[in-house]
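This is what each chain is made of:
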Amino acid sequence: MSVNEQLVQDVVKEVMAKLQLQSAPVKAKGVFEDMNDAIAAAKKAQQYIHRMSMDQREQIISNIRKKTRENAEILARMGVEETGMGNVPHKILKHQLVAEKTPGTEDITTTAWSGDRGLTLIEMGPFGVIGAITPCTNPSETIICNTIGMLAGGNTVVFNPHPAAIKTSLYAINMLNEASLEAGGPENIACTVTKPTLETSNIMMSHKDIQLIAATGGPGVVTAVLSSGRRGIGAGAGNPPALVDETADIRKAAEDIVNGCTFDNNLPCIAEKEIVAVDSVVSELMHYMVTEQGCYLASDEEVQKLVNTVLTPKGLNRKCVGRSAKALLAMIGVDVPDNIRCITFEGEKEHPLIAEELMMPILGVVRAKDFEDAVEKAVWLEHGNRHSAHIHSKNIDHITAYAKAIDTAILVKNAPSYAALGFGGEGFCTFTIASRTGEGLTSASTFTKRRRCVMSDSLCIR
Ligand code: NAD
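Quick summary incoming for the structure in this document.

A few words now on the sheet that holds strand E2 (residues 111-115). Strand pairs in the sheet, formed through backbone hydrogen bonds, run parallel or antiparallel to each other. One open sheet accounts for three strands, arranged E2-E3-E20; its pairing is antiparallel. Each end of this open sheet is capped by a strand with a single partner; those strands are E2 and strand E20 (448-456). Within the sheet, the average angular offset between the axes of one strand and its neighbour, ignoring direction, is 15°. Across nine bridges, strand E3 (residues 118-126) lies against E20 in antiparallel orientation. Looking at E20, one finds that Leu121 is bridged to Cys453.

Structural data, given as structure tokens:
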């Protein structure tokens, strides 16, 4: 272990110990015992933020970016240590991506019509205090990304984070408030409670001062938010299929798919969760996956053992989510070298390790008789989530037909899934992809209200 690594580990331990000691009363900035107090504090901060100039808001955001970069390793280690999910190098990259590519105030734009009857503007104004529910799979990434966008739109935010990632979430929220204070902004731009529960979530969702709720998580939370009677942005589950046709560069497809699938041990909701390949390329694709891309080809018996380990009668075994391929194989008594990063096998689309959204590096391959069959199977596997899908093909007609049939918020062509987050692809980053409610990749403008400002018969100077 290098001196640097030891230092970071010591800092993480110290911070974790402090956060443990702080369970009551909590000193971390933005953290309250009571959800009502958290909302009241965020409301006061929002009134302050709304009076600040756009330039001042941007200065706070710049400082958030700086502190996120500085704390990327600590947040990454903390997230892995607390949740047991994902891996440190990829979580560092995710934080750097959030710091660099989450849109700020430049996303807040104005539309103008000018003519004989005057001047009309459409301005993007804040909702006020936004309630946000965040997952344990990308805890601090989502909290920081949401706060940058919401703040750029003139809002403040109250989080009800996943309890399994509470320490990491509190650390991120404290950091965001410190960034604001250092840049001349108010405290409590982001708030939360020490013990988030379904009860605190319900208080938040029914509070009169919360006009918009952004939910990032599985189907349960999105349904809860959309039933709350408030406006909801629902960023729900996915099960992204990667389709490979006979025109693809098969060797590159194997590399791209395995890179995307194994990123942060498959935790991102956009990551490749299964492959659908046309019959003529299956052998070649699996050959490259196994010989060049660190995939372990599991036997039928091992696949069955994985089913029994990974899935329980109540759903996913949480102890398997976000674990490495090596750790998953160790759970079924198989020891593999360190270069193994993914588990693969061939199966029918209905196979539980293929049809379920697993969030672990297990990549089942479904064989299709031709392209049309592959599209049908991939659409079935996406389960109507309309979230993400991927394709490896050089046939534009195929790509177009697939895009129309699967109709997802994200469709990556000939690249790893993370290209959709701006990592090796063009475009901005977000960790809240509003698949269910249709906003798609959220950014600052998603968290604003449109307002029409009309000046009749004046200010047109053409
Ligand atoms: P999860 O659904 O278990 O939890 C997400 C959040 O919702 C947590 O804060 C949890 O406490 C809360 N929650 C769950 N049920 C609730 C209910 N009935 N009422 C109120 N709050 C509730 O998900 P997770 O395991 O933390 O994250 C993984 C899931 O999230 C996957 O399905 C993944 O696809 C999805 N996800 C989607 C996006 C996206 O942008 N669309 C991003 C990340 C994760």
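Now that the structure is up, let's keep going.
So, on to the nonpolar core. Within the largest apolar cluster, 67 residues are counted, with the highest numbers of intra-cluster contacts made by Val244, Leu353, Ile362 and Tyr402. Looking at this core element by element, the count peaks at six residues for helix H9 (residues 250-262). Non-local contacts of Leu353, meaning those with residues more than four positions away in its chain, are made with Val303, Leu306, Val307, Val310, Leu311, Phe345, Leu358 and Ile362. Ile61, Leu75, Met78 and Ala179 belong to the second largest nonpolar core, which has 48 residues in total.

It is worth spelling out helix H7 (residues 198-206) at this point. Among all positions of H7, only Thr200, Ser201, Met204 and Met205 are buried. For H7, the arc enclosing every buried residue in end-on projection is 135°, short of the 170-degree limit, so these residues lie on one face. Opposite the buried face of H7, at more than 90 degrees from it, the exposed residues are Glu199 and Ser206. Contact partners of the buried residues in H7: helix H2 (35-51), strand E4 (129-134), strand E5 (156-161), strand E6 (190-193), strand E7 (210-216) and helix H8 (219-226). Of the residues that open H7, the one with a side-chain oxygen 3.2 Å from the backbone nitrogen of Glu199 is Thr197.

Conventions we followed
Residues numbered from 1 in each chain as written. Predicted model: local features only at pLDDT ≥ 70, side-chain atom pairs only at ≥ 80, totals over all residues. Heavy atoms only, no water. Pairing = 2+ DSSP bridges. Helix = DSSP H or I, 4+ residues; strand = E, 2+ residues; numbered from the N terminus. Axes fitted to C-alpha atoms, helices over the stretch in contact; angles between N-to-C directions. Core = buried A, V, L, I, M, F, W, Y, C linked by side-chain atoms within 4.5 Å. Buried < 20%, exposed > 50% of the residue type's maximum accessible area, 1.4 Å probe, protein only. Contact = heavy atoms within 4.5 Å. Arc of directions from axis to C-beta. Polar contact = N/O pair within 3.5 Å; in protein donor to acceptor, adjacent residues only side chain to side chain.

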